[in-house]
Amino acid sequence: MNDAAIQVDHLTKRYSAGFRRPPVQALTDISLDVKKNEIFGLLGPNGAGKTTLIKILLGSLLPTSGAASINGFGGADWRSRLSAGYLPENHRFPPYLTGRQMLFCFGGMAGLSSTVIRGKADALFDLVGLHQWQNTKIRKYSKGMMQRLGLAQALLNDPQLIFLDEPTDGVDPVGRHEIRTILLNLKKEGKTIFLNSHLLAEVEAVCDRVAILNKGRLVKVGPVSGLLDVKPAYRLETAEMPPVVGEETTTAFPTAKIEGTVITVTLETPGQVNEIIDLLRRRGVDLVSVAPVKVSLEESFLELIQGDGSHE
Ligand SMILES: Nc1ncnc2c1ncn2[C@@H]1O[C@H](COP(=O)(O)OP(=O)(O)OP(=O)(O)O)[C@@H](O)[C@H]1O
Ligand SMILES: [Mg+2]
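Chemist: I keep staring at the domain arrangement of the chain and nothing clicks. Help me out?
Modeler: One frequently used descriptor of interface size is the decrease in accessible area upon assembly of the parts. Each domain of the chain was delimited in the assignment, giving domain 1 (4-223) and domain 2 (233-294). The C-alpha-based centres of domain 1 and domain 2 are spaced at 48 Å.

Right under this line is the structure:
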């Protein structure tokens with residue numbers, strides 16, 4: 001219990017959509033916890049409810065039912081936010097300020113004195129790689145630089161728990177790699193990170209555990225490795241494929257697809273490919289080639305998400 005930084009208990013959120021329109025069910029019965037010092041990823045497609053969950057945790061939205069707490073304090077309790085930093089999605093910083101002025105402005109609003117901010121600014125600009133840009137007006141910043149500045153802002157109060165909503169949105173691959181390194185270093189310093197993303201590769205690279213959210217429902221929670229069980233798939237090319245043998249194959253292996261003389265099939269175990277080969281041999285069908293097909297994590301993630309929609 002004590003090592004939970006975040007607890008979410010049967011949380012449901014419905015947005016009212018206005019006069020005579022049905023409410024939007026953004027979250028349905030979500031329960032999860034985030035341990036201290038882990039990097040936890042909330043992964044899901046657009047509209048899954050990721051931002052809604054962060055906003056409820058930070059107390060800027062009220063849940064319809066259920067509860068969410070940070071270090072034991074509910075979202076409505078201001079003490080929950082004392083130890084938190086937040087990089088919102090689609091944030092807009094005043095374009096007429098320089099990066100440095102913005103840090104002073106936002107730090108001031110968070111109740112930090114100028115002396116404290118001055119003491120931290122240089123190290124933060126170094127950390128996010130914006131040192132030489134700190135006195136440039138934000139209107140000249142690229143999308144990636146804005147995200148880095150947002151990250152510096154989120155770290156200003158030296159938070160124990162950092163919420164990042166799509167932190168690498170608009171950032172190029174080099175920048176993404178740098179942000180990943182920053183997050184891993186923050187973890188080494190003992191921080192807890194809650195990361196929202198619609199990018200599988202991003203959470204895979206950096207998170208200890210991941211929750212997959214789809215249409216407001218939790219599909220899966222677990223360690224990154226093994227979260228998506230990628231099944232072995234094969235491509236078997238035959239010399240010729242009589243229709244009757246094709247039918248027999250698809251009856252015995254329902255995932256098999258036959259196009260001309262080629263069979264593609266997803267199996268439970270790699271050894272099962274021998275059963276298909278035996279079947280073809282029994283029917284006198286010659287094989288030209290047998291090769292494993294690489295199924296990416298991305299494909300199996302899509303399969304999971306698409307499969308989930310059907311039983312809603
Ligand atoms: N203020 C609001 N009023 C009504 N509906 C809303 C409101 N905010 C979000 N929604 C709806 O709630 C659902 C979840 O939205 P949310 O922004 O939490 O998703 P998300 O996973 O963060 O998506 P994205 O990846 O696009 O940022 C969506 O259907 C969205 O249209
Ligand atoms: Mg969002």
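Chemist: How should the nonpolar core be read in this particular structure?
Modeler: Across soluble globular proteins, you tend to see nonpolar side chains buried next to one another. Grouped together as the largest cluster of nonpolar side chains are 61 residues, with contacts concentrated most on Ala152, Phe163, Ile193, Phe194 and Leu195. If you tally residues by element for this core, the top one is helix H5 (residues 143-155), at 6 residues. Discounting residues that sit within four places of it in the chain, phenylalanine 163 has contacts with Ile54, Leu58, Ala84, Gly85, Tyr86, Leu87 and Phe194. If you look at the next biggest cluster of nonpolar residues, it comprises 7 residues, including Ile263, Ile276, Leu280 and Val285.

Chemist: Teacher, can you tell me more about helix H4 (residues 114-127) here?
Modeler: The α-helix winds at 3.6 residues per turn, so residues separated by three or four positions along the chain end up facing the same way. Here H4 spans 20 Å end to end across 14 residues, near enough to the 20 Å set by a 1.5 Å rise per residue. Those residues of H4 hidden inside the fold are in contact with helix H3 (99-109) and H5. The first or second residue beyond H4 is glycine 129, which carries a positive phi of 70°.

Chemist: Explain the pairing of strand S9 (residues 209-214) to me, please; I cannot follow it from the model alone.
Modeler: Summarising burial for S9: 5 of the 6 residues are buried, a large majority. Summarising the sheet, strand S3 (residues 39-43) and S9 pair through 4 bridges and their orientation is parallel. Note that in S9 the partner of leucine 42 across the bridge is alanine 211. Pairing of S9 with strand S10 (residues 217-223) involves 6 bridges; the strand directions are antiparallel. Of the residues in S10, the one forming a bridge with valine 210 is glycine 222. Between the end of S9 and the start of S10, which pair antiparallel, lie 2 residues, with lysine 215 showing a positive phi angle near 50°.

Rules and cut-offs
Residues numbered from 1 in each chain as written. Chains lettered and ligands numbered in written order. Predicted model: local features only at pLDDT ≥ 70, side-chain atom pairs only at ≥ 80, totals over all residues. Domains from an automatic or database assignment. Core = buried A, V, L, I, M, F, W, Y, C linked by C-beta atoms within 7 Å. Buried ≥ 20, exposed ≤ 12 C-beta atoms within 10 Å, placed from the backbone. Helix = DSSP H or I, 4+ residues; strand = E, 2+ residues; numbered from the N terminus. Contact = placed C-beta atoms within 7 Å. Expected span 1.5 Å × (residues − 1). Pairing = 2+ DSSP bridges.

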